[in-house]
Amino acid sequence: MLRLIIGVAAGYVLGTKAGRARYEQISAATRAVTGSPVTKKLVSVGRQKLSDKLSTQQKLEPMVPLDERTTVLVPHNQLRR
């Protein structure tokens, strides 16, 4: 708890010395990075990869399309290759 208080106090002191203009500069840069489509795409891809790794469901892959609307799916580990 003491470390947290020291960290907050140090951040406050350094922030007040930097001034409002520096705060606005850092804030604008942060908004630009977090609002970027590239950043959003990277976050989305990272979340999907993490979700896939943590998923307990078997992966299903198309085996044989029966017709244009119907495809048979089989678990990934049962594919005949």
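Here the residue numbering is sequential within each chain, running from 1 through the sequence in written order. The predicted origin of the model limits local features to residues at a pLDDT of at least 70 and limits the giving and counting of side-chain atom pairs to 80 or more, whereas totals for whole chains, interfaces and linings rest on all residues. Hydrogens and water molecules were not included; the side-chain quantities draw on all heavy atoms of the structure.

1. Some remarks on the overall build of the protein
Point 1. Helix and strand labels come from DSSP, where a helix needs a run of H or I of at least four residues and a strand needs a run of E of at least two; each type is numbered from the N terminus. From N to C terminus, the protein includes two helices and two strands.
Point 2. In the protein, the order of α-helices and β-strands from amino to carboxyl end is α-α-β-β.
Point 3. Accessible area is worked out with a 1.4 Å probe on protein chains only. A residue is then buried under 20% of its type maximum, exposed over 50%, and partly exposed in between. Expressed as a percentage of its 81 residues, the buried residues of the protein come to 6%.
Point 4. Summing over all exposed atoms, the protein offers an accessible surface of approximately 7700 Å²; the carbon and sulfur share of this is 61%. All accessible-area figures derive from a Shrake-Rupley calculation using a 1.4 Å probe, and residue coverage is judged against the displayed protein chains alone.

2. Brief notes about a nonpolar patch on the surface
Point 1. Residues with no salt bridge and a relative accessible area higher than 30% make up the patches, which join like charges within 9 Å and nonpolar side chains (Val, Leu, Ile, Met, Phe, Trp, Tyr) within 5 Å. The term salt bridge refers to a pairing of a side-chain nitrogen on Lys or Arg with a carboxyl oxygen on Asp or Glu at a separation within 4 Å. On the surface, a nonpolar cluster with roughly 470 Å² of combined accessible area is contributed by Met 1, Leu 4, Ile 5 and Val 8.
Point 2. Counting through the fold element by element, Val 8 comes out in helix H1 (residues 2-35).

3. Focus on H1
Point 1. The end-to-end C-alpha distance of H1, which contains 34 residues, comes to just 35 Å, noticeably less than the 50 Å that a straight helix rising 1.5 Å per residue would cover.
Point 2. Bending of H1 peaks at approximately 105° at the position of Gly 19. Working rule for helices: expected span equals 1.5 Å times residues minus one. Bend is computed residue by residue as the angle between axes fitted to the seven residues ending at the residue and the seven residues starting at it.

4. Examining helix H2 (residues 37-54)
Point 1. Compared with an ideal rise of 1.5 Å per residue, which puts 18 residues at 26 Å, H2 spans 26 Å between its outermost C-alpha atoms and is within 8% of the ideal.
Point 2. Polar contacts, as counted here, are pairs of nitrogen or oxygen atoms within 3.5 Å of one another; within protein the pair requires one atom able to donate a hydrogen and one able to accept it, and residues that are adjacent in sequence qualify only if both atoms are side-chain atoms. Capping the start of H2, Ser 36 holds a side-chain oxygen 3.2 Å from the backbone nitrogen of Val 38, two or three residues further along.

5. As for the packing of H1 against H2
Point 1. Between H1 and H2, the least distance of the axes is 5 Å, while the angle of their chain directions is 55°. In this view, H1 runs oblique relative to H2, as classed from their interaxial angle. Judged by residue contacts, Val 33, Thr 34 and Gly 35 of H1 engage Pro 37, Thr 39 and Lys 40 from H2.
Point 2. Polarity classes work like this: nonpolar for Ala, Val, Leu, Ile, Met, Phe, Trp, Tyr, Cys and Pro, charged for Asp, Glu, Lys and Arg, and polar for all others, with Gly in that last group. Taken together, the residues of the contact of H1 with H2 sort by class into two nonpolar, three polar and one charged. Note on method: axes are straight lines fitted to C-alpha atoms, helices fitted across the in-contact stretch only, with angles between N-to-C directions ranging 0 to 180 degrees. Working rule for angles: under 35 degrees goes down as roughly parallel, over 145 as roughly antiparallel, 65 to 115 as roughly perpendicular, anything else as oblique. The criterion used for residue contact is that any of the two residues' heavy atoms lie within 4.5 Å.

6. Some words on the confidence of the model for the protein
Close inspection of predicted coordinates is inappropriate for parts of the model with low pLDDT.
Point 1. Per-residue confidence from the predictor is reported as pLDDT, a score between 0 and 100. Model confidence for the protein is summarised by a mean pLDDT of 78, while 78% of its residues fall at 70 or above.
Point 2. Looking over the protein, one finds the lowest element-wise mean pLDDT in strand E1 (residues 60-65), namely 63, and the highest in H2, namely 90.

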